[in-house]
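Single-letter residue listing:
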Amino acid sequence: MSDELRTVWWENAAVCLIDQRRLPHEQIILHCTELESVAHAIKSMQVRGAPAIGCTAAYGMALVAQKSAATSADALLDELAAAKDVLDAQRPTAVNLAWATRRMLAYGQGLAAAGVAAVREGVLNEAHTILAEDLAMCHAIGRHGAELIPERGHVLTHCNAGGLATAGYGTALAPIRTAFNDGHAVHVFVDETRPFLQGARLTAWELQQAGIPLTLITDNMAGFMMRRGEIDCVIVGADRIVANGDVANKIGTYSVAVLAQAHGLPFYVAAPSSTIDLSLAHGDLIPIEERSSEEVTHLAGVAIAPEGVTAAHPAFDVTPHTLVTAIITERGVVYPPFADGLRAIVSGS
Ligand code: MRU
């Protein structure tokens, strides 16, 4: 994706999004003017990807502040706290969502003494700051991660951790983009990523737009490709990285990590510090979003399973830290054992 094509932005008193359910065939822009439509966009995955939903939720709170008729800072902060609860409930696994809404509320609380107008204006500026920081973090991840991408080689990625999943440029795709721009002869194998097909629809599209060579594969081809020696490393994004380095990411990531270890391949995770959650000791504590079974039994609205069949749909899985070679953040690359390194990244030291 070019840097110009935006994922989420503020325009004419609305939260604007590119509808990711319609990509790659249609580029439809959504204009959300109610908290409910922002919440719906997150839940229905019109916007998706951990950092992107964090930025969207921040603008959702800014929207509430702009529309509020509150005449005191305390009343406005109560509305913002209620909006935070609504937004946080939409998708439980991506920690960036609650991270962004917590930051927005705290920022508003810090301005309470200055009055309701200051809170209203301040939270909109804070949403702009969160978006700008996310874009800068993605570029920094690209710079740190590019040195891990082979000068000439094949990289496998799962789901979409590209510009669409962030304010722009991406997390897992950032090192690939930077390495490519630096002259690496990199070729990307893209897992289609059942059931929502983020790989086939979004990652393939982004890489194509950027002119980066790619081959789309179904998820069950990855092991065979590795065995044939066609893959040199794996790089994925994350929805939550906990204190010991366990990583929640799109369902299917764990299988890829097991395969990578079995074939002696590096398995890299790229994520901004806003994805790190030190409050959880290990990955079994991460809430895993369960989505509707219809997203599995149907493809683009067409039933592919017999009527009445029950399908499981955990939307994420957890990759144990023992399968992770390194975690690439905007503040540098963390290697095992992860606990100390992640603490240092979060504290900024
Ligand atoms: O369900 P999604 O599409 O929101 O899941 C997205 C992922 O799993 C991404 O890999 C993750 O959010 C990182 S995005 C930079």
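Source: prediction; values computed, not measured.

Thresholds applied
Residues numbered from 1 in each chain as written. Predicted model: local features only at pLDDT ≥ 70, side-chain atom pairs only at ≥ 80, totals over all residues. Heavy atoms only, no water. Helix = DSSP H or I, 4+ residues; strand = E, 2+ residues; numbered from the N terminus. Rg over C-alpha atoms; globule rule 2.2 N^0.38 Å. Buried < 20%, exposed > 50% of the residue type's maximum accessible area, 1.4 Å probe, protein only. Contact = heavy atoms within 4.5 Å. Areas by Shrake-Rupley, 256 points an atom, 1.4 Å probe, with all protein chains shown as cover. Expected span 1.5 Å × (residues − 1). Near = heavy atom within 4 Å. Polar contact = N/O pair within 3.5 Å; in protein donor to acceptor, adjacent residues only side chain to side chain. 1 Å grid on protein atoms, 1.4 Å probe; cavity = no way out; pocket = protein on both sides within 12 Å on 5 of 7 lines; lining within 4 Å. Sits in = over half its atoms within 2 Å of the grid points. Pairing = 2+ DSSP bridges. Axes fitted to C-alpha atoms, helices over the stretch in contact; angles between N-to-C directions. Lys, Arg positive; Asp, Glu negative; His and termini not counted. Salt bridge = Lys/Arg side-chain N within 4 Å of Asp/Glu carboxyl O. Core = buried A, V, L, I, M, F, W, Y, C linked by side-chain atoms within 4.5 Å. Left-handed = near helix turned anticlockwise from the far one by under 90°. Nonpolar A, V, L, I, M, F, W, Y, C, P; charged D, E, K, R; others polar. Phe/Tyr/Trp six-rings, centres within 6.5 Å; stacked < 30°, edge-to-face > 60°. Lys NZ or Arg CZ within 6 Å of the ring centre and 35° of its normal.

Caption draft 1: The arrangement of the overall build of the chain in detail. Helix and strand content of the chain: 11 helices and 16 strands. In terms of overall dimensions, the chain is globule-like: its C-alpha atoms have a radius of gyration of 20 Å, near the 20 Å expected for 349 residues. On the principal axes, the C-alpha backbone points of the chain span a range of 65 × 55 × 40 Å. Evaluated residue by residue, the chain yields a buried proportion of 57% over its 349 residues. Considering only contacts within the chain whose residues lie at least 6 apart along the sequence, 74% involve residues at least 24 apart. Element-wise, carbon and sulfur atoms account for 54% of the exposed surface of the chain, whose accessible area totals about 13,900 Å².

Caption draft 2: Examining helix α7 (residues 198–210) more closely. Its 13 residues give α7 an end-to-end C-alpha distance of 17 Å, which sits within 8% of 18 Å, the value for a rise of 1.5 Å per residue. Within the sequence span of α7, burial applies to Gln198, Gly199, Arg201, Leu202, Thr203, Ala204, Trp205, Glu206 and Leu207. Looking at the packing, one finds that the buried side of α7 touches β4 (152–157), α6 (173–181), β5 (185–191), β6 (214–217) and β9 (247–250). One or two residues past the end of α7 sits Gly211, with phi positive at roughly 75 degrees.

Caption draft 3: The arrangement of the site of the ligand in detail. If you check the shell around the ligand, you find 18 residues, and the closest are Arg48, Arg91, Gln198, Asn249 and Lys250. Take Ala50: an N or O atom from its main chain is 2.9 Å from an oxygen atom of the ligand. The contact in question runs from an oxygen atom of the ligand to an N or O atom on the side chain of Lys250, over 2.7 Å. Isolated, the ligand exposes 410 Å² of accessible area, and the fraction of that covered by the protein chains is 99%. Among the detected pockets, the ligand sits in the largest cavity.

Caption draft 4: Here's a closer look at the sheet that holds strand β1 (residues 8–11). Judged by pairing direction, the sheet is antiparallel, and its 3 strands sit side by side in the order β1-β2-β3 without closing on themselves. For this open sheet the edge positions go to β1 and β3 (29–32), each flanked by a neighbour on one side alone. Averaged over all neighbouring strand pairs, the angle between strand axes comes to 30 degrees, with direction disregarded. Across 4 bridges, the pairing between β1 and strand β2 (residues 14–18) is antiparallel.

Caption draft 5: Main features of the side chain of Asp191. Relative to the helices and strands, Asp191 is located in strand β5. For the buried residue Asp191, which engages in no salt bridge, the nearest side chain bearing the opposite charge is Arg194, 12 Å off. Each residue touching Asp191, except ones within four places of it in the same chain, is listed here: Leu156, Thr157, His158, Cys159, Gly199, Ala200, Leu216, Ile217, Thr218, Asp219, Ala222 and Val256.

Caption draft 6: Fine view of the nonpolar core. Residues Val15, Ile42, Tyr59, Leu80, Leu87 and Met104 are the most contacted members of the largest nonpolar core, which totals 44 residues. Counting residues per element, the ones that place at least two in this core are β1, β2, β3, α1 (35–43), α2 (50–67), α3 (73–88), α4 (95–110) and α5 (116–146). Sort the elements by how many residues they give to this core and α2 lands first, with 12 residues. Tyr59 has contacts with Val8, Trp9, Trp10, Val15, Leu124, Ala127, His128 and Leu131, leaving out every residue within four places of it along the chain. Core analysis: the second largest hydrophobic core is formed by 27 residues, Met226, Ile276, Val324 and Val334 among them.

Caption draft 7: How the structure looks around the pairing of β3. Of the two faces of β3, only the one carrying Leu30 and Cys32 is buried; Ile29 and His31 on the other face are not. Pairing of β2 with β3, which is carried by 4 bridges, proceeds in the antiparallel orientation. Across the sheet, the residue bridging to Val15 is Cys32, located in β3.

Caption draft 8: Structural context of the packing of α3 against α5. It is at 8 Å that the axes of α3 and α5 come closest, and there the two elements cross at 35 degrees. Viewed along their axes, α3 and α5 form a crossing whose handedness is right-handed. Of α5, the residues touching α3 (which contributes Ala73, Leu76, Leu77 and Leu80) are Val116, Val119, Arg120 and Val123. Of the residues that constitute the contact of α3 with α5, the class distribution is 7 nonpolar, no polar and 1 charged.

Caption draft 9: Quick look at the packing of aromatic side chains. Tallied over the entire structure, the rule returns 1 aromatic pair. With a centroid separation of 6.1 Å and 15 degrees between ring planes, the pair formed by Trp10 and Tyr59 is classed as stacked. With Trp10 in strand β1 and Tyr59 in helix α2, this residue pair connects regions lying 49 residues apart in the sequence. Given the relative accessible area of 1%, Tyr59 is considered buried. In this structure, Arg201 is placed above the aromatic ring of Phe196, and the distance from its NZ or CZ to the ring centre is 4.9 Å. One residue, Lys250, lies across the ring of Phe316, its end atom 4.2 Å from the ring centre.

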